[in-house]
Amino acid sequence: MYNVLIVDDERIIRIGLRSLINWEEVGFKIIDAVSDGKQALAVIEREKVDLILTDIKMPYMDGITLVQNLYERGFLGEIIMLTSYGEFEFARQCLRYGVGDYLLKGTLVPDELMQAVLKVQRKLDEKGEKLFEEEREDINNEQDLKVIERIFKTNHLEGENNIEKESLSMPYVFLLFKHVQSKAQKEKHRACTLEAYRESIENIISEAVPNQSIPRLFFEGEWGLYLFPKGYVEQKDVLHRISMHILNLIKLYTNIKITGVISKVIYTSYDLRESLKKTQDVAELSFYKGYEEVLEEEMHILMKPYLGRSAQIVEERLHQAMNKGDYSEANNLLDMYMEEMRRSYVPKEQVEERLNPLLQGIILDYSIYLESDKSRLNELVESYRASTLLDEMQGLIKELIYMICTLILQIKNKNYRREIVEIMDYIEQHITEKITLNSIANQINMNESYISRLFKSETGMNIIQYINVSKMEKAKELLKEKNMIVKDVAYALGFEEQSYFNRMFNKYFGVNPKEYKKYTNLSQ
């Protein structure tokens, strides 16, 4: 028996359709009759429906919206549209959503309805035979599933590269999905794998894919693989629609960030191996594209070797722009650098290998300027570590550069008194010497106490602090020179004890001079 659902807001029509023909005589059973599309969807969610007879104009959800919903869900049953005079054009529009026939309600007679139902019966019989054949093949293809699971679970391991080109008993298409987590999330939830959501994902796929019993699912770490039933293999638009529905439901009910890639058709174990490599690569494209679309294996051709400039060159030019307080130039440089990676779709791990040192270098070199807003700096760093999209990372680095450029301009654009400029010039010219308040006072012929009060009033920092900041900025320059060791830098800047120099450097930059030198040498 095939199940029939009647959808019409007129009670007399619902009653009439029940009795117009002998449904059971032709193998059909009316399981329900409802008055609008919302009620119809509720019935379909809890019961198997093979044929829907629906009106076009109804309250709450009309027939056109109903068939659109069914189309998006991949409904595999048949639909007959019931129309009134003047609604034929609406009915024809519905043909694109899988409506098989439309009947005029005002003149509908038993023979006309019977002919339409018999036509539906033939279609359902053909579908049933196909589904039966698929189920029978599934029973006989347990060996395929074992091969697929083994290759999927060992695909990332060494020593599995010589898998024989073993034919599978039938063609397959799979949806590979990945649980996307930021570095911060992985550190916080080390044991969290996608398999923890197995039951929810199984229920979601059973809901999203009609006429399927138990979904064929495999999990390994942050990855999952779902094999579509055979009947969908050649229906690319249906595969895409159902995959999108699955991913949206997973996001909705599990509250995790997920991306998915549809494979090509695979015929052998070798095809599977190659498809897994490519789909795993393509999954990384969500770092650029976001998580609002389903990706496809064919997009692998977009991924090209990264031949861009080194991070060192970008960092040097960025520092030059930032030292001038030129946010516009620094912003353009960062955009150009990011665009180079976007064009090649550089994998996220490789992007982080370039951006993390860049970000770390900016924070190290300009930490003195960021002292006034450490809480915002910490927020930016935490947000950066929680990012899973390149656009997010780029935006946060831009905000940091803007903060620094703004602070630098505030200092550079301030018009100081002649005496203050003389003091600053003297400190710059004698930066490699031991500078004292007395030596400054003798140079400009002013009282030490007066100099201290004047400098503090004009610049916002005391003169000793300014000397130390200037020496630490110079220390960074010297430490970048490969032939300069920490001890030489300390003595070159007038420090009698290296330990005191080390403590002061650490105070201003958060790392000791040795670590800073090691970092700058690695990035060169």
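What counts and what doesn't
Residues numbered from 1 in each chain as written. Predicted model: local features only at pLDDT ≥ 70, side-chain atom pairs only at ≥ 80, totals over all residues. Heavy atoms only, no water. Helix = DSSP H or I, 4+ residues; strand = E, 2+ residues; numbered from the N terminus. Contact = heavy atoms within 4.5 Å. Polar contact = N/O pair within 3.5 Å; in protein donor to acceptor, adjacent residues only side chain to side chain. pLDDT = per-residue confidence, 0-100. Pairing = 2+ DSSP bridges. Axes fitted to C-alpha atoms, helices over the stretch in contact; angles between N-to-C directions. Parallel < 35°, antiparallel > 145°, perpendicular 65-115°, else oblique. Left-handed = near helix turned anticlockwise from the far one by under 90°. Nonpolar A, V, L, I, M, F, W, Y, C, P; charged D, E, K, R; others polar. Phe/Tyr/Trp six-rings, centres within 6.5 Å; stacked < 30°, edge-to-face > 60°. Buried < 20%, exposed > 50% of the residue type's maximum accessible area, 1.4 Å probe, protein only. Lys NZ or Arg CZ within 6 Å of the ring centre and 35° of its normal.

(A) Spatial organisation of the environment of Lys127. Within the fold, Lys127 resides in helix 5 (residues 110-140). Residues Lys127 and Gly77, 50 residues apart in the sequence, show an inter-C-alpha distance of 9.0 Å. With near-sequence residues (within four places) excluded, Lys127 lies in contact with Leu76, Gly77 and Glu78. A polar atom in the side chain of Lys127 sits 2.8 Å from the side chain of Glu78.

(B) Layout of the confidence of the model for the chain. On average, residues of the chain carry a pLDDT of 83, and 89% of them reach 70 or more. Within the chain, the lowest mean pLDDT, 63, falls on helix 4 (residues 88-93), and the highest, 94, falls on strand 10 (residues 258-262). In the model, residues 156-160 has pLDDT below 50 throughout and makes five contacts with residues more than four positions away in sequence or in other chains.

(C) Region of the structure containing the sheet that holds strand 3 (residues 51-55). Strand order across the open sheet formed by five strands is 2-1-3-4-5, with parallel pairing between neighbours. Because the sheet does not close on itself, it has two edges, and the strands there are strand 2 (28-34) and strand 5 (99-104). On average, each strand axis in the sheet is tilted by 20 degrees relative to the strand beside it, whichever way the strands run. Examined bridge by bridge, strand 1 (residues 2-7) and strand 3 share four bridges and lie parallel to one another. Along strand 3, the bridge assignment pairs Val7 with Thr54. Contacting strand 1, strand 2, strand 3 and strand 4 (78-83), helix 1 (residues 11-20) crosses the sheet at an angle of about 175 degrees to strand 2. The sheet contacts of helix 2 (residues 37-46) involve strand 1, strand 2 and strand 3, and relative to strand 2 the element is tilted by about 135 degrees.

(D) Region of interest: the packing of helix 8 (residues 198-208) against helix 9 (residues 236-254). At their nearest, the axes of helix 8 and helix 9 sit 9 Å apart, and the two run at 140 degrees to each other. By the angle between their axes, helix 8 is oblique relative to helix 9. Crossing handedness for the pair helix 8 and helix 9: right-handed. Residues Ser200, Ile201, Ile204, Ile205 and Ala208 of helix 8 form the contact with helix 9, whose own contacting residues are Ile242, His245, Ile246, Leu249, Ile250, Tyr253 and Thr254. Across the contact of helix 8 with helix 9, the residue classes tally to nine nonpolar, three polar and no charged.

(E) Representation of the packing of helix 17 (residues 418-429) against helix 20 (residues 463-479) within the structure. In contact at an axis separation of 10 Å, helix 17 and helix 20 are set at 40 degrees when each is read in the N-to-C sense. For the element pair helix 17 / helix 20, the angle class is oblique. The two elements helix 17 and helix 20 cross, and the hand of that crossing is right-handed. Two secondary-structure elements touch here, helix 17 through Ile423, Met424 and Ile427 and helix 20 through Ile463, Tyr466, Ile467 and Ser470.

(F) Representation of the packing of aromatic side chains. Under the counting rule described, the total for this entry stands at twelve aromatic pairs. Between Trp23 and Phe28, the aromatic rings sit 6.3 Å apart at their centres with planes inclined by 70 degrees, giving edge-to-face as the arrangement. Across the pair, exposure class does not vary: Trp23 and Phe28 are buried alike. Counting every residue linked through ring pairs, the aromatic cluster contains Phe495, Tyr500, Phe501, Phe505 and Tyr516. A cation over an aromatic ring shows up here: Arg241 above the ring of Tyr71, its NZ or CZ 3.9 Å from the ring centre. For Lys476, the ring lying beneath its charged end belongs to Tyr366, and the centroid distance is 5.8 Å.

(G) Inspection of the sheet that holds strand 9 (residues 223-227) at higher detail. Ordered by their spatial adjacency, five strands build an open sheet running 8-9-7-10-12, and the pairing between neighbours is mixed. The outermost strands of the open sheet, each flanked by one partner alone, are strand 8 (216-220) and strand 12 (295-296). Strand direction decides the pairing type here: strand 7 (residues 174-179) and strand 10, joined by five bridges, are antiparallel. When the bridges of strand 10 are listed, Lys178 appears paired with Thr259. Contacts from helix 8 reach strand 7, strand 8 and strand 9, with the element oriented near 150 degrees to strand 8. Contacting strand 7, strand 9, strand 10 and strand 12, helix 10 (residues 269-283) runs over the sheet at an angle of about 40 degrees to strand 7.

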